[in-house]
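# Commentary on secondary and tertiary structure
Below, each chain spelled out in residue letters.
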Amino acid sequence: MVTGLLNALADNPVLTLFLLVGIGMLVGRIKAGGVSLGAAAVLFAGIILAAWGIAEGIVIEIPPQLGTLGLTLFTFAIGVQSGPNFFHVLRTAAGPLAIMLAVLVVGAGAGLGVGRALGMDPAMIAGTFAGAVTNTPALAAAGNAAAVAGNPDGVAIATVGYAVAYLYGVIGMLFFCLLALRYRRSDKDAPSPLINRTVRVEREDAPELGDIAERVGGEMKFSRLRRGETGPITRPSRTDKIYKDDLVTVVGTQDAVNQVIHELGHSSSHSLIEDRKFLDFRRITVSDPKLAGRTVAELDVDSKFGATISRVRRGDVDMVGTPDLVLQQGDRVRVVAPTGRMAEISKFFGDSAHGLSSINPVAMGLGMAVGIIIGEWAIPLPGGSTFSIGAAAGTLIVGLIFGRIGRIKGFVTAMPFTATAVLSELGLLVFLAQAGTRAGGQIANAFSGGDWWKILVTGFVITTIVGFGMYASMRWIVKMGGTRLSGLLGGLQTQPAVLAFANERTGADPRVTLGYAMVYPVAMIVKIFIAQFLGGL
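For clarity, every value in this text was computed on a predicted model and none was experimentally measured.

What follows concerns the overall build of the protein chain. Scanning the protein chain from N- to C-terminus turns up 20 helices and 13 strands. Principal-axis analysis of the C-alpha atoms places the extent of the protein chain at approximately 85 × 50 × 50 Å. Looking at the protein chain residue by residue over its 537 residues, the buried ones come to 55%. Nonlocal contacts in the protein chain, meaning residues at least 24 apart in sequence, comprise 80% of its contacts between residues at least 6 apart. Approximately 22,400 Å² of the protein chain is accessible, and the part contributed by carbon and sulfur atoms is 61%.

Pasting the structure below:
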């Protein structure tokens, strides 16, 4: 009966895929001591099933093409989701990237020293490095370099090292990710919550609102103005002057709003928001694709409707409706406008639930195709060999660019946050199931050889140095918050299972994804070069 079941799974990889996803996530939701594996459990379920099959003489493996599909869907969606903030974060990331490079080099050097002391072949050391940092393109580079260096069995030897070291490469980095998450409650980089306050003006010098906004800086916007106690509520412009005893409503981050209160007067007990006789407000879904990829300023709702976009909600995150904010289909904008024009404004934005789920298939198809072409492009190296950054890195890069620019003339490159969240989760689960069955079969074969313990020791040294080195330097030198660090560790390891674990523990906090995307492309390329060097020794 068991043999029949395993044969059925071996003959039907699609059935195996969905069985692993279902069982893996069922197990992944079980908590022990407040900790659950989440999506990473799908990976381990695949490893166990494949190893069990090998023990019975049956090869159970999901085709690699399905794994590539899942991984590229995941990285492209993550890129689009992270694009709007990624390039801003990258400008401040030179230090973390330099530290990451140093940590990877130190880890590789330590692995080379331990491996040589244990009498390991250079190809096996290179493959062990690739497994310890869980990077398949690095394995390909290691095997290719060993073959070019004159070792005809280099690819096979490197694969054995990769397979044995891979498991601790995942488990070890999950441990450091958990350490990072344990101190996330003390994070100082948490985004300031958006609030609104009505301010009573005490100044007598009649300043312009635009001058106040420039002096305060930060993310804030004036949404309502009343002259005195009983005047009509109007929508202020930057050129409006304010006088003593005026009431003005400001929306923004807590820090920015507090600065405005300090500049103008004091927080009032009156609430202009509650009085909807003259101005009303409403959350409206951006579902018209013609508006996607445009900035708040480009929509020009001020002159069209006499309206103001005060906030934009994307997923579970509120943002101030600053003029340069690029809107995505599925965003929910909070519009302040004359009461009688709300129906007209809703029609302008679309306000349909369809905007929350449109996957923008044109942008997804073309973007992923371009990303895969970039990822598979053979880049020449000294000595005549070549390397590729891989389809995952290529689609991530294109996704980041698409998410950042939003629109190229009439071509919308962005996607709704809800759609990217669904695609990234689906892609991740497919990839983890395929990666698990592949690693499980290799591990079962690798342990039948005599070098497995040497690989385990060397891989343990590499993963521990890389994981602890990055954890310690980011926490105590860079002072990075634990939430972002957990995602950064997943990007350092180029390991979606670590990202999935961090997202599960944080409720998909956007800082996790930003940390992951910040280092992933650079980590991918650096690890390929290091593996190429080790394999060619």
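Across all of its chains, the model carries one cavity of 30 Å³ or more by this definition. The calculated volume of the largest cavity comes to roughly 40 Å³. Listing elements by their share of the lining of the largest cavity, those giving two or more residues are β2 (220-226), β7 (308-314) and β9 (332-338). When the residues that make up the lining of the largest cavity are grouped by side-chain class, the tally is three nonpolar, three polar and three charged.

As a further point, take the sheet that holds strand β5 (residues 265-267). An order of β3-β2-β4-β1-β5 is seen for the five strands of this open sheet, with the pairing classed as antiparallel. Of all strands in the sheet, those with a lone pairing partner are β3 (233-234) and β5, marking the two edges. As paired elements, strand β1 (residues 194-201) and β5 share three bridges and run antiparallel to each other. Note that in β5 the partner of R200 across the bridge is H266.

Quick look at the side chain of D288 now. With respect to the element layout, D288 can be found in the loop between β6 (279-285) and α11 (296-299). Non-local contacts of D288, meaning those with residues more than four positions away in its chain, are made with F348, F349 and G350.

In total, this model carries twelve aromatic pairs according to the counting rule given. Ring centres of Y162 and Y166 lie 5.4 Å apart, and the angle between their planes is 45°; on these two criteria the pair is classed as tilted. With a gap of four residues between them, Y162 and Y166 both fall in helix α8 (residues 154-182), about one helical turn apart. Taken individually, Y162 and Y166 each receive the classification buried, so the pair is uniform in this respect. Relative to W476, the ring of Y471 lies with its centre 5.8 Å away and its plane at 80°, an arrangement referred to as edge-to-face.

Counting 97 residues, the largest nonpolar core has L43 and L485 as the members making the most contacts within it. Contacts of L43, omitting those with residues within four sequence positions, involve Y166, V170, L432, A435, G436 and A497. Listed in part, the 20 residues of the second largest apolar core include V286, L299, V333 and V335.

Here we come to helix α2 (residues 13-28). Relative to the 22 Å expected for 16 residues at 1.5 Å per residue, α2 spans 21 Å between its end C-alpha atoms, a close match to the ideal helical length. Within the sequence span of α2, burial applies to T16, L17, L20, V21, G24, M25 and G28. The buried side chains of α2 occupy one side of the element, clustering within an arc of 145° when seen end-on. Structural note: α2 exposes F18 and L26 on the side pointing more than 90 degrees away from its buried face.

Right, let's get into the packing of helix α14 (residues 361-376) against helix α15 (residues 391-405). When two helices pack together, their arrangement is captured by the angle between the axes and the distance separating the axes. Orientation of α14 relative to α15, taken along the N-to-C sense of each, is 135°, at an axis distance of 7 Å. By the angle between their axes, α14 is oblique relative to α15. Crossing hand, α14 versus α15: right-handed. Seen from α14, the contacting residues are A363, G367, M368, V370, G371, I372, I374, G375 and E376; seen from α15, they are A391, G394, T395, V398 and F402.

Cut-offs used in this document
- Residues numbered from 1 in each chain as written.
- Predicted model: local features only at pLDDT ≥ 70, side-chain atom pairs only at ≥ 80, totals over all residues.
- Heavy atoms only, no water.
- Helix = DSSP H or I, 4+ residues; strand = E, 2+ residues; numbered from the N terminus.
- Buried < 20%, exposed > 50% of the residue type's maximum accessible area, 1.4 Å probe, protein only.
- Contact = heavy atoms within 4.5 Å.
- Areas by Shrake-Rupley, 256 points an atom, 1.4 Å probe, with all protein chains shown as cover.
- 1 Å grid on protein atoms, 1.4 Å probe; cavity = no way out; pocket = protein on both sides within 12 Å on 5 of 7 lines; lining within 4 Å.
- Points joined across faces, edges and corners; volume = space filled by probe spheres on them.
- Nonpolar A, V, L, I, M, F, W, Y, C, P; charged D, E, K, R; others polar.
- Pairing = 2+ DSSP bridges.
- Phe/Tyr/Trp six-rings, centres within 6.5 Å; stacked < 30°, edge-to-face > 60°.
- Core = buried A, V, L, I, M, F, W, Y, C linked by side-chain atoms within 4.5 Å.
- Expected span 1.5 Å × (residues − 1).
- Arc of directions from axis to C-beta.
- Axes fitted to C-alpha atoms, helices over the stretch in contact; angles between N-to-C directions.
- Parallel < 35°, antiparallel > 145°, perpendicular 65-115°, else oblique.
- Left-handed = near helix turned anticlockwise from the far one by under 90°.

Nothing here speaks to function; it is all geometry.
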